[in-house]
Amino acid sequence: MEEVPQKIDFAGEESKVLKYWDDIKAFETSVKMSEGKPEYSFYDGPPFATGLPHYGHILAGTIKDTITRYAHQTGHHVERRFGWDCHGLPIEFEIDKLHGVRTKEDVLKMGIPTYNQHCRSIVMKYSHEWEIVVNRMGRWIDMKNNYKTMDTPFMESVWWVFQELYKKDLVYQGFKVMPYSIGCTTPLSNFEASSNYKDVSDPACVVSFQTVDDEKVSILAWTTTPWTLPSNLALTVNPKMEYIKINDIKRNQIFILGKNRTSILYKSDKEYTVLETMKGTDLIGKKYVPMFPYFASDADIGGFVVIGGDFVTDDSGTGIVHTAPAYGEDDFNACIANGVISRDQFKRPILNSVDANGCFTKDVTDFAGMMVKDAETTKQISIYLKNKGRMVNSANLVHSYPYCWRSDTPLIYKAVGSWFVRVESIRDKLLANNDKTYWVPDFVKEKRFANWLKNATDWAVSRNRYWGTPIPLWISEDGEEVVVIGSIDELERLSGVRVTDLHRESIDHITIPSQKGKGVLRRIEDVFDCWFESGSMPYAQQHYPFENKDKFEQIFPAHFIAEGLDQTRGWFYTLLVLSTALFDKPPFQNLIVNGLVLAADGKKMSKRLKNYPDPMEVVSKVGADSLRLYLINSPVVRAETLKFQEKGVQDMIKDVFLPWFNAYRFFVQNCLRFEKATNTTFKPDIKVALASENVMDKWILASCQSLIAFVRAEMGAYRLYTVVPKLVRFIEDLTNWFVRLNRKRLKGSNGDADCLAALNILYEVLMTICIAMGPFTPFFTEYMYQNLKKALPKEKQMDSVHYVMFPEPIQEAFNTRIEEAISRMQVVIELGRAARDRRTKPIKFPLKEFMVITENQQYLADLESLKSYILEELNIQNIVLTSDEGSFVVVTAEADNKRLGARLKNDFKKISPLISKLTNEQLREFQKTQTIDLLGHTLTSEDLKIIRKYNGETTNSEPSGNEEILTVLDLTVDNALYEKGLARELINRVQRLRKKSGLTFDDPVSMFYHTKEADLKTAIENNNDYIKETILFNLQFSETSSPSNSFATEVVSIVKDNDAEIYFLKN
């Protein structure tokens, strides 16, 4: 092994590792090495390359990389292919902005071939930047052999998927009210429409509709969308509700409205007189005069009539709903149910009064060409209503309103002819297949996703757009003959035309001769919703069923996928719908759902606001491993939100990587010292490690096996949120406990045999943890492995740590008894340290006595066996272990009031005072049995917490404790102990100067100190042996300051400021 430098630049070393991986083609080699092993299939959800990767992408990528690396290291062949989402609104919207495209006419003027070529040119705009980020984060995935949703093989498989659905009668053409984006001139699916809500102020109007049978009577309706009034076709009442006819005294008009809704207009019942009370059923069938003249003739075919609907309530409005079937889902369904319209009336003018651009058509003569959501349009309609005497009241209402997720413009609800996939008819199958999947965390599956599935509606998969996979439907002019194409070969067979590209410009002109004498069939204009493509990716990335048939059937469903919480209504949903419809199988077996990464202030990360640090700048400072570990050691891996803190990433260096590096460096340093001192070569031998009788050796080796067993179990359950904290805690145990408590042994203070045992233990643990942490921190583990492996025989040395299989626990090294004993020792030491901190007694000053009190005899026996470590760590002279709780401890109980109150209800008030009166004997019995009965109720350790209090004086002592033990630190200082503390401080300064000077601990130098403080000089002389034992050299007193030939010198503060100087001379 080579010497390890004193300092490390983590980011710099990662760059070297990246170059090394490139040189040996590490990823490609690892995949090749695993060929023939059991397949582990993974789907990568395709991102768009029109935006740069952000922390959300990096988080999902890190989770995917960690799981797939682990799968590889546990003996699987893992194909990892990157994918790109290339079609749809995100691309088109960029082109529309770039070229000023606003309407369909603008696209047709430009020409679809030109428009699509523009789209194609920007699809991979940031792909190079993506490759840089993915590579720099250490993610191993094939970005060269990627799949793109715009590639012909991918699109052909999408055609096959659609044809299979059509064969299963799961496709139909319908007329349905859908969320519609005016900004993107296309309908959206329900899950797209629910992703962007804003609070807006809209007009809220009460308007009157004059009845046909009595021109003095008007029916009142309330609306927040006055632009829909020109398309009104019915008024809906609840058949079961009560309504009243009133005389408005001030206006001198007769109105009909809900009995409980008079507050919409009146503050007092003195403002009107009730003329008649009626049920909703009495109003059904009543005709009224159209408010606008544009579609008045519809009265002849069942329009402008009162109908019934259960969706009408009396908690808002007038209790009567203005119903425009083309612009509201409830309106549409009510009018269908009451025969006012039918689904086949695609071309009925009143159902098409707003065009694709969100403007009124020429039929609406007074407002033709006006954008329906413009304030000016609302103003003009309001003026019209006032002039006609139909505006009864107007105000403004602030409410939550949906906006387009892409163009950020307000959505409208609009009836459109669309092609649908039947989802409602397969809901039960969707729920059953969802039950077969395993999600982390499970509440997302059980609640959020299952609830979405229970209410899933038929999916509109067609989009009246241009850059996408064209829907392969060729239809005769009368709509009677329909051909669905499922492949390029089939298209050639039926049309005689062979194509190599499937975009609109390549196939829109192709016709298919009718088989029924209807001339030619032409393709419909629509393309697929891009969610249909991403839901098809399991099949389309393999060009199934045209290629890779056997391979696909072997790896479907996927073993694992991972994406963010927002995909519950997106990718996770579309994957499940299509796999259920095609194969009645779930598309994946295991899924990790991550939460959102927000800016430090809890707001959404925004490029405009610059409220987050650039990911690559963070990585260039502290390295990708730190960012990876920070992200997957946070609540975000269990679908909670993370407020990103750059300091949190930096803390990973301080708390994890630097201590880990120092432990590794310390090992190599002492290994090289051992080789030099014994003139031998260190060869790791697990038998030597296992034969060690040292309790700390047995402990760290046992802990390491427990860790490996735990990681294997938890990674098998995809619980990253339990694995990473355990790994980090083990590194802390290794660095802060094992290495620190065994420094002298590892330096050879107990002889060569003991040193060799300790080095073997440390090597075994460092190498094991290096391999185990490989999937999580791929760079630093590679950096260490490249040096550690040099101690192994050549045949056991691998080119990369990531080629090494994940360790299996060594059964004979397990020792839960020793793990428990050391854990108890750690608790006691930490209680002692906390006591020192509270009373400002630094560890450098020795104290006389430390008492541990518990009735648990095994606990005391464990501490007795580890007494020497406690004495040293707490810098105390004596430890007293006693089970005599009666003399020192008062035990009380603290109730969990919230828990008990909920469980015991009224009895809690009677039991609460009894808890505070429990005797020591009762509470000690409770400690043993963990239950106690009070007034017929059994209380457990979850209900009561035992508090142990010290009953002695605390002027010169400091108690600490938990439910099981109490410790008491004696704060009395004697002179000998004080002097030893000063000696320790001086040793600390010598060691620092040694490190600063670049010396190893066995470099031969002469060491001197100079001081004018007599007390300090005496303290050093009285502890000479202790000092020499620690620093391995004599520390000599000098009457004068450092001479000119000293090569290292430093003025230090021991008792007072700058009261001593230490310096070194070369021998």
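In short, a report on the structure. (Residues numbered from 1 in each chain as written. Predicted model: local features only at pLDDT ≥ 70, side-chain atom pairs only at ≥ 80, totals over all residues. Heavy atoms only, no water.)

### Focus: the overall build of the chain
The line we're drawing: Numbering of helices and strands starts at the N terminus; helices are DSSP runs of H or I of at least 4 residues and strands are runs of E of at least 2. Residues count as neighbours in contact if any of their non-hydrogen atoms are within 4.5 Å of one another. Counting rule for charge: Lys and Arg are taken as positive, Asp and Glu as negative, and neither His nor the chain ends is counted. For the purpose of locating charges, the reference atoms are NZ of Lys, CZ of Arg, CG of Asp and CD of Glu.
The secondary structure content of the chain amounts to 39 helices and 38 strands. The C-alpha extent of the chain, read off along each of the three principal axes, is 115 × 80 × 60 Å. Restricting the contact set of the chain to residue pairs at least 6 apart, pairs at least 24 apart contribute 76%. Placing the 132 positive and 142 negative side-chain charges of the chain at their respective mean positions leaves the two points 2 Å apart.

### Some points on the nonpolar core
Across soluble globular proteins, nonpolar side chains show a tendency to be buried alongside one another. Put simply, the rule reads: To form a nonpolar core, buried Ala, Val, Leu, Ile, Met, Phe, Trp, Tyr and Cys residues must be joined to one another through side-chain atoms within 4.5 Å. Burial classification: accessible surface area is computed with a 1.4 Å probe over protein chains only, and a residue below 20% of its type maximum counts as buried, one above 50% as exposed, and the rest as partly exposed.
In this structure, Trp 660 and Phe 667 are the most contacted members of the largest nonpolar core, which totals 154 residues. If one sorts the elements of this core by residue count, helix α23 (residues 646–678) sits on top with 14 residues. Excluding residues within four positions of it along the chain, Phe 667 makes contact with Met 1, Phe 682, Leu 759, Leu 762, Tyr 763, Leu 766 and Leu 788. Membership of the second largest hydrophobic core comes to 66 residues, among which are Ile 471, Trp 474, Tyr 573 and Val 593.

### Focus on helix α31 (residues 857–865)
Our working rule: Note: the arc covers the axis-to-C-beta directions of the helix.
Among all positions in α31, only Tyr 859, Leu 860, Asp 862 and Leu 863 are buried. Angular distribution of buried residues about the axis of α31 spans 160°; they occupy a single face of the element. For α31, the elements touching its buried residues are α30 (816–838), β27 (847–853), α32 (867–874) and β28 (876–882).

### Brief notes about the packing of aromatic side chains
Stated precisely, the cut-off is as follows: Only centres within 6.5 Å qualify two rings of Phe, Tyr or Trp (six-membered ring in Trp) as a pair; their planes then separate them into stacked at under 30 degrees, edge-to-face at over 60, and tilted for everything else. Charges are assigned to positions over rings by a cutoff of 6 Å between ring centre and Lys NZ or Arg CZ, combined with an angular limit of 35 degrees from the ring normal.
Inspection of the entire model under this criterion finds 60 aromatic pairs. The interplanar angle of 70° and the centroid separation of 5.2 Å between the aromatic rings of Phe 162 and Phe 528 together place this pair among those described as edge-to-face. Within this pair, whereas Phe 162 is found in helix α8 (residues 152–167), its partner Phe 528 is found in strand β22 (residues 527–528), the two being separated by 366 residues in sequence. When its relative accessible area of 0% is taken as the criterion, Phe 162 is described as buried. Under the relative-accessibility criterion, Phe 528 is labelled buried at 3%. Of the aromatic side chains, those joined through ring pairs into one cluster are Phe 10, Phe 657, Trp 660, Phe 661, Tyr 664, Phe 780 and Tyr 783. The aromatic ring of Phe 710 is capped on one face by Lys 726, whose charged end is 4.7 Å from the ring centroid. Over the ring of Phe 1037 we find Lys 1017, and its NZ or CZ is 4.6 Å from the ring centre.

### Considerations on the pattern of salt bridges
Operational definition: Here, a salt bridge means any Lys or Arg side-chain nitrogen found within 4 Å of an Asp or Glu carboxyl oxygen.
Scanning the model with the defined rule gives 54 salt bridges in all. Arg 638 is the salt-bridge partner of Glu 640, the closest N and O atoms lying 3.1 Å from each other. Using a relative accessible area of 37% as the deciding quantity, one classes Glu 640 as partly exposed. Through salt bridges that share partners, Asp 44, Lys 64, Arg 139 and Glu 563 make up one connected network.

### Let's talk about empty space enclosed by the protein
Which entries qualify depends on this criterion: Two kinds of site are reported from a 1 Å grid over the protein atoms alone, namely cavities, where a 1.4 Å probe fits but cannot get out, and pockets, open sets with protein on both sides within 12 Å along at least five of seven lines, and residues are called lining when an atom falls within 4 Å of a point. Grid points are joined across faces, edges and corners, and a volume is the space filled by probe spheres set on the points. When residues are grouped by polarity, Ala, Val, Leu, Ile, Met, Phe, Trp, Tyr, Cys and Pro land in nonpolar, Asp, Glu, Lys and Arg in charged, and all others, Gly among them, in polar.
By the definition in use, this model includes five cavities of 30 Å³ or more. By volume, the largest cavity amounts to about 90 Å³. Together, eleven residues line the largest cavity, and Gly 88, Leu 89, Arg 463, Asp 529 and Cys 530 are the ones closest to its centre. Residue classes in the lining of the largest cavity are distributed as five nonpolar, one polar and five charged. Put simply, the second largest cavity is a space of about 50 Å³. Considering the residues around the second largest cavity, the lining is formed by Leu 229, Pro 230, Asn 232, Pro 290, Met 291, Phe 292, Phe 295, Phe 304 and Ile 350.

### Here we look at α30
Filter applied, for reference: To estimate how far a helix should reach, multiply one less than its number of residues by 1.5 Å.
Here α30 contains 23 residues, and its C-alpha end-to-end distance of 33 Å stays within 8% of the 33 Å for a straight helix at 1.5 Å per residue. Within two residues after α30, Thr 840 carries a phi angle of roughly 50°, on the positive side.

### Quick word on the sheet that holds strand β34 (residues 966–970)
What counts here: Pairing between two strands is assigned when DSSP locates at least 2 bridges connecting them. Whenever a helix is involved, its axis is fitted only over the stretch in contact; in every case the axis is a line through C-alpha atoms, and angles between N-to-C directions fall within 0 to 180 degrees.
Across the sheet, four strands lie side by side as β28-β27-β34-β33; this open sheet has mixed pairing. Of all the strands in the sheet, just β28 and β33 (957–961) have a single pairing partner and so form its edges. Adjacent strand axes in the sheet meet at a mean angle of 15° when their direction is disregarded. As paired strands, β33 and β34 are joined by five bridges and run antiparallel to one another. Directly across from Pro 959, in β34, lies its bridge partner Val 968. The strands touched by α30 within the sheet are β27, β33 and β34, with β33 carrying the most contacts at an inclination of about 140°.

### A word on the pairing of strand β8 (residues 242–248)
When β8 meets strand β10 (residues 272–279), the two strands line up antiparallel, connected through seven bridges. By the bridge assignment, Asn 247 is partnered in β10 with Thr 273. In the sheet, β8 pairs with strand β9 (residues 253–258) via six bridges, with the strands oriented antiparallel. Its bridge partner lying in β9, Tyr 243 is registered against Gly 258. Hairpin connection between β8 and β9: a loop of four residues separates the two successive antiparallel strands, and Asn 252 in this loop has a positive phi of roughly 55°.

### Regarding the packing of helix α4 (residues 89–99) against helix α6 (residues 112–123)
Helix-helix packing: each pair is described by the crossing angle between the helix axes and the interaxial distance. Let me state the cut-off plainly: The labels follow the angle: roughly parallel below 35 degrees, roughly antiparallel above 145, roughly perpendicular from 65 to 115, and oblique for the rest. Note on convention: near helix rotated counterclockwise from far helix by under a right angle means a left-handed crossing. Clockwise means right-handed.
Orientation of α4 relative to α6, taken along the N-to-C sense of each, is 110°, at an axis distance of 9 Å. By the angle between their directions, the pair α4 and α6 is classed as roughly perpendicular. In this structure, the crossing between α4 and α6 has a hand that is right-handed. Residues Ile 91, Glu 92, Glu 94, Ile 95, Asp 96 and His 99 of α4 pack against Tyr 115, His 118, Cys 119, Ile 122 and Val 123 of α6. For the contact of α4 with α6, a count of residues per class yields six nonpolar, two polar and three charged.

### Focus on the pairing of strand β14 (residues 411–421)
Buried residues dominate β14, accounting for nine of its eleven residues. Pairing between strand β3 (residues 171–181) and β14: eleven bridges, direction antiparallel. Residue pairing in the sheet places Lys 176 in a bridge with Val 416 of β14. By the bridge criterion, two bridges tie β14 to strand β16 (residues 459–460) in an arrangement that is antiparallel. Residue pairing for β16: Val 421 is matched across the bridge by Trp 459.

### Description of the sheet that holds strand β35 (residues 1005–1011)
One open sheet holds the four strands; their spatial order is β36-β35-β38-β37, and the pairing between them is mixed. Two strands close off the open sheet at either side, each with one partner strand: β36 (1035–1037) and β37 (1048–1052). Going across the sheet, the axis of each strand differs from the next one's by a mean of 25°, ignoring polarity. For β35 and strand β38 (residues 1060–1066), the ladder comprises seven bridges, and the chain directions are antiparallel. Residue pairing across strands places Tyr 1009 opposite Ile 1062, the latter belonging to β38.

### Thoughts on a nonpolar patch on the surface
Basically, it comes down to this: Surface patches are defined over residues having more than 30% relative accessible area and no salt bridge, joining like charges when they lie within 9 Å and nonpolar side chains (Val, Leu, Ile, Met, Phe, Trp, Tyr) when within 5 Å. Note that accessible areas follow from Shrake-Rupley with a 1.4 Å probe, and for residues the cover is restricted to the protein chains shown.
On the surface, a nonpolar cluster with roughly 220 Å² of combined accessible area is contributed by Val 973, Tyr 978 and Val 1055. Mapped onto the elements, Tyr 978 comes out in helix α37 (residues 975–996).

### Focus: the environment of Val 527
The topology assignment puts Val 527 in strand β22. Here Val 527 falls in the buried class, since its relative accessible area comes to 2%. For the pair Val 527 and Pro 90, spaced 437 residues apart in sequence, the C-alpha separation works out to 15 Å. Among all residues touching Val 527, those that are not within four sequence positions of it are Val 461, Ser 462, Arg 463, Arg 465, Tyr 466, Gly 468, Thr 469, Pro 470, Ile 471 and Arg 504.

### Let's talk about unusual backbone geometry
Of note, the amide linkage connecting Val 440 to Pro 441 takes the cis form, showing an omega dihedral of 0°. Along the chain, Tyr 544 connects to Pro 545 via a cis peptide bond; the corresponding omega equals 0°. You can see Pro 545 is positioned in the loop between α18 (537–540) and α19 (549–555). Unlike most non-glycine residues, Leu 935 shows phi in positive territory, near 50°.

### Points about the environment of Ala 663
Structurally, Ala 663 is set in helix α23. Classification of Ala 663 by relative accessible area gives buried; the value is 2%. For the pair Ala 663 and Pro 513, spaced 150 residues apart in sequence, the C-alpha to C-alpha distance is 78 Å.

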